[in-house]
Number of protein chains: 2
Amino acid sequence: MPPAQRHHPTLADVAQRAGVSASTVSRTMRGLTTVSPDVRARVEQAARELHFVVSRQASSLVTGRTGVVAVLAPTLNSWFIGSALSSLGPVLRAAGLDLLVYVVPDLAERTDFFDRLPARRNADALLVFSFDLSEEESARLDDLQMPVVYISQHAKGRPSVYVDDVAGARAGTRHLLGLGHRRIAFVQTTGASGFTFSSHERLLGYRQALIEAGVAPDDDLVVATPPGDKRRTAEAVGTLLSLREPPTAIFAEQDEVAVSLVWTLRKAHVDVPARMSVLGFDDHQMAEWSDLTTIAQSPADIGRAAGELALDLLNDPEADRARHLVLPTRLIPRATTAPPRPVAQDRPAEAAEPADPALDAPARGRAGVDTYE
Amino acid sequence: MPPAQRHHPTLADVAQRAGVSASTVSRTMRGLTTVSPDVRARVEQAARELHFVVSRQASSLVTGRTGVVAVLAPTLNSWFIGSALSSLGPVLRAAGLDLLVYVVPDLAERTDFFDRLPARRNADALLVFSFDLSEEESARLDDLQMPVVYISQHAKGRPSVYVDDVAGARAGTRHLLGLGHRRIAFVQTTGASGFTFSSHERLLGYRQALIEAGVAPDDDLVVATPPGDKRRTAEAVGTLLSLREPPTAIFAEQDEVAVSLVWTLRKAHVDVPARMSVLGFDDHQMAEWSDLTTIAQSPADIGRAAGELALDLLNDPEADRARHLVLPTRLIPRATTAPPRPVAQDRPAEAAEPADPALDAPARGRAGVDTYE
DNA sequence: ATGAAAGCGCTAACAC
DNA sequence: GTGTTAGCGCTTTCAT
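What you see is a predicted model; the values in this text were computed from it and never measured. (Residues numbered from 1 in each chain as written. Chains lettered and ligands numbered in written order. Predicted model: local features only at pLDDT ≥ 70, side-chain atom pairs only at ≥ 80, totals over all residues. Heavy atoms only, no water.)

Caption draft 1: Layout of the interface of chain A and chain B. In this assembly, 55 residues from chain A lie in contact with 54 residues from chain B. Both faces considered, chain A and chain B share a buried interface measuring about 5000 Å² in area, 56% of it formed by carbon and sulfur atoms. In terms of surface lost to chain B, no three residues of chain A exceed Q57(A), R121(A) and W289(A), which account for 16% of the buried area on that side. Taken together, the links from chain A to chain B amount to 23 residue pairs in polar contact (both at pLDDT 80 or more). Counting only elements with at least two residues in the side of chain A that touches chain B, the list comes to α4 (56–63), α5 (79–94), β2 (98–103), α6 (107–116), α11 (255–267) and α12 (285–289) of chain A. When residues of the side of chain A that touches chain B are assigned to their parent elements, the largest contribution, eight residues, is made by α5(A). Of the residues assigned to the side of chain A that touches chain B, the class counts are 22 nonpolar, 17 polar and 16 charged. Examined bridge by bridge, β2(A) and strand β2 (residues 98–103) of chain B share three bridges and lie antiparallel to one another. From the neighbouring strand, V101(A) faces β2(B), where its bridge partner is L99(B). (Contact = heavy atoms within 4.5 Å. Buried area = accessible area lost by both parts, 1.4 Å probe. Polar contact = N/O pair within 3.5 Å; in protein donor to acceptor, adjacent residues only side chain to side chain. Helix = DSSP H or I, 4+ residues; strand = E, 2+ residues; numbered from the N terminus. Nonpolar A, V, L, I, M, F, W, Y, C, P; charged D, E, K, R; others polar. Pairing = 2+ DSSP bridges.)

Caption draft 2: Highlighting the protein's contact with DNA strand C. Every one of the 26 residues lining DNA strand C counts as a neighbour, but T24(A), V39(A), L11(B), S26(B) and R30(B) are closest to it. The sugar and phosphate moieties of DNA strand C supply 66% of its atoms located within 4 Å of the protein. S23(A) has a polar side-chain atom sitting 2.8 Å from a base nitrogen of DNA strand C. One nitrogen or oxygen atom from the side chain of R121(A) is found 3.2 Å from a phosphate oxygen belonging to DNA strand C. Among the elements that take part in the surface near DNA strand C, helix α4 (residues 56–63) of chain B stands out by supplying five residues, more than any other. For the surface near DNA strand C, the residue count by class is 11 nonpolar, 11 polar and four charged. (Near = heavy atom within 4 Å.)

Caption draft 3: Spotlight on helix α1 (residues 11–18) of chain B. All names here are of chain B. Inspection of α1 places V14, A15 and A18 among the buried residues, and these make up the whole buried set. Looking straight down α1, one finds that the buried residues subtend no more than 100 degrees of arc, so they occupy a single side. Along its buried surface, α1 packs onto α2 (22–29) and α3 (37–50). Positioned one or two residues after α1, G19 has a phi angle of 70 degrees, which is positive. (Buried < 20%, exposed > 50% of the residue type's maximum accessible area, 1.4 Å probe, protein only. Arc of directions from axis to C-beta.)

Caption draft 4: Focus on the UniProt feature "domain: HTH lacI-type" (unreviewed entry) in chain A. What UniProt calls "domain: HTH lacI-type" (unreviewed entry) maps, in this numbering, to residues 9–63 of chain A. What you have in residues 9–63 of chain A is 67% helix and 0% strand, and the ends, taken at the C-alpha atoms, are 21 Å apart. (UniProt positions renumbered as here; feature names shortened; annotations may be inferred.)

Caption draft 5: Seen up close, the environment of L241(A). Along the chain, L241(A) turns up in helix α10 (residues 230–241). Here the alpha-carbon distance between L241(A) and V270(A), two residues 29 residues apart in the chain, equals 9.8 Å.

Caption draft 6: The arrangement of α3(B) in detail. All names here are of chain B. When the terminal C-alpha atoms of α3 are compared, their 20 Å separation across 14 residues agrees well with the 20 Å that a helix rising 1.5 Å per residue should span. Summarising the contacts, the buried residues of α3 are in contact with α1 and α2. Two residues or fewer past α3, H51 is found with a positive phi of approximately 55 degrees. (Expected span 1.5 Å × (residues − 1).)

Caption draft 7: Here's a closer look at the protein's contact with DNA strand D. Neighbouring DNA strand D are 25 residues; L11(A), S26(A), R30(A), S23(B) and T24(B) lie closest to it. By atom count, sugar and phosphate contribute 64% of the portion of DNA strand D lying within 4 Å of the protein. Here a phosphate oxygen of DNA strand D and a side-chain polar atom of S26(A) are 2.5 Å apart. S21(B) places a polar main-chain atom, nitrogen or oxygen, 2.8 Å from a phosphate oxygen of DNA strand D. Mapped by element, the contributors of at least two residues to the surface near DNA strand D are α2 (22–29) and α4 of chain A together with α2 and α4 of chain B. The element contributing the most residues to the surface near DNA strand D is α4(A), with five residues. Class assignment for the residues of the surface near DNA strand D results in 11 nonpolar, 11 polar and three charged.

Caption draft 8: Structural view of the pattern of salt bridges. Under the criterion given, the structure shown has 40 salt bridges over all chains. Residue E212(B) is joined to R170(B) by a salt bridge in which the shortest nitrogen-to-oxygen separation is 4.0 Å. Linking E212(B) in helix α9 (residues 196–212) with R170(B) in helix α8 (residues 165–179), this pair joins segments that are 42 residues apart in sequence. Across the pair R207(B) and D219(B) runs a salt bridge whose closest N-O atoms are separated by 3.2 Å. With R207(B) in helix α9 and D219(B) in the loop between α9 and β7 (222–225), this residue pair connects regions lying 12 residues apart in the sequence. Accessibility expressed as a relative area gives 55% for D219(B), which makes it exposed. Overlapping salt bridges bring together R56(A), R93(A) and D98(A) as one network. (Salt bridge = Lys/Arg side-chain N within 4 Å of Asp/Glu carboxyl O.)

Right, dumping it as structure tokens:
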């Protein structure tokens, strides 16, 4: 009675069936050219018949390469990361590499990760997503003995892929300036761990564009709110609307907040865009649904680029170990930005709470009609 | 001159440093109790000093276990999958397992995956997300020699984790019935590959609840639209509104569509919920933002449950190989459902296009005022 | 172009 | 409790 055949077939099994040595099977499986055509055919057939798959573990052991690219991410429940990984996957697969994910949602797991560096022997490269790493943590990753690519952060001296946030924010602000706005607010996003780089840069771009246009940046016009917090968002809107000189346009650092702003404004019967323009950043899926004008970035492109950069680093020892890939953004004009209505600039503004009786009607017919107050 | 120390430290290195044998180090690293406390301490210190990490490849080779759980998913850019994986990750980590992701976005990759079954020797278990597998594909996975857990699909005879869609849809429909609605439409989602199971089940629950309540299901009230397609959604709304007896409530199979419906209706100046109640399913992030009444499911719970089920299957050979974990849903009443206005049932309804001059004002003050037509 | 042999880093069986 | 020994399945010299 033959032993229960519960294990996978091995090189030796294929070799025996094809009447060759294990070495030859190995060479065949790796596509080396030093195998005669007829032998190759025999081996391939035998392998197919046995459903033979090379064991990564065994070959890793000798080659030192794991065939795995690891990703470090704070969550997978994110539009940005989800899109980027979805396009990264196929890039890696095409190169015969598998995608391993370390989800590190909280501080405890983070500390543990950097303590133990579980990726150390279990991946050929690491992609770090949207973390604000301390210099100490980056240094820790440096002695990981593998290429580490940073995504959405400017890791000086280390390979990075990110979008040109400054230019994007500048372009967005210029769009609003071009429409005639002069009082342009900027809403920062707080508490979204891991995106402080973008946050800084976008604010910077906003300021640059204002200065270029000869508009003095006003810190009263810069407020912050956490994403998804209606109350805080409403507060921020209230603060802006109750300024002596309220803005006529709001540039939100993130689409999620921008959409929330639109809701809040419309609920308070402040028409968008007739009374207030709103501009987002990201081109999040919901931006399209909400007809939000926004500065688009493509996380899919970022994921792809990061994957290709990692492959370069992996395959070419001469590759530039500090290359920064900076991807462009582009303005997508939609329905939430428009020229400001001519309004008496020095009249006191209403607060957010009192419901304005103005209709939430399309802007066209009403723009220019000064029914303010 | 010492050789360039470019390789990772091995068991032997630690053993030498701690003055013990490799076996002892191995036992220590695996937490076996047969190591005396002082030796254990010495070994652990040596390991720490050398930044030693056990090579998965090498240990896999002998144990036959890879320490990896693989996930098969059509995309990662999905609220459901993202949330589920984000909670699955930590569950696996706690068990010392890594998470490997196969993103299989299109038919070509899918065919290739089932052809080659790359997971075969590279994972201990496989979680299959939201795919509508053919019986042939499932059969292929069966001879994978590892536990395969199906998520969001009812794989008969195989371990599965999903939400009770029938009960959820029934509860939702009852909620609307309880508010007094009798003409309740159901909007199906088409083209969202991988969720046809839920789709069927939700429609079923809707029908059941109607029948239970003595309301005859009317096929005219069941329409379909792809998610994120504004035009088609508007068409669906138009179809429903132009029925001789239009609905007073719409139950959408997915929140994304429900939110889109609310937008479309409000744009057409059909007040929600005063003139039309809208109910969603999922409790997608945007449901809260949109104040959408919905049937909540928790993808995070599903991910966790699936992970734990996989661990059971992995660790307990006696475990039930066909266990189905069915998770509950719950109604979250928010602002898009309300009692129907008393309305002359047999009057002809307006079409979707003509802008109704009715204000998009809060329902309270206006409900009950019959300004219809 | 092919085969034989050595060994990658670890665990498991067996001694002691 | 701890050390010794023999592989796990593959790749890689080195022969031929």
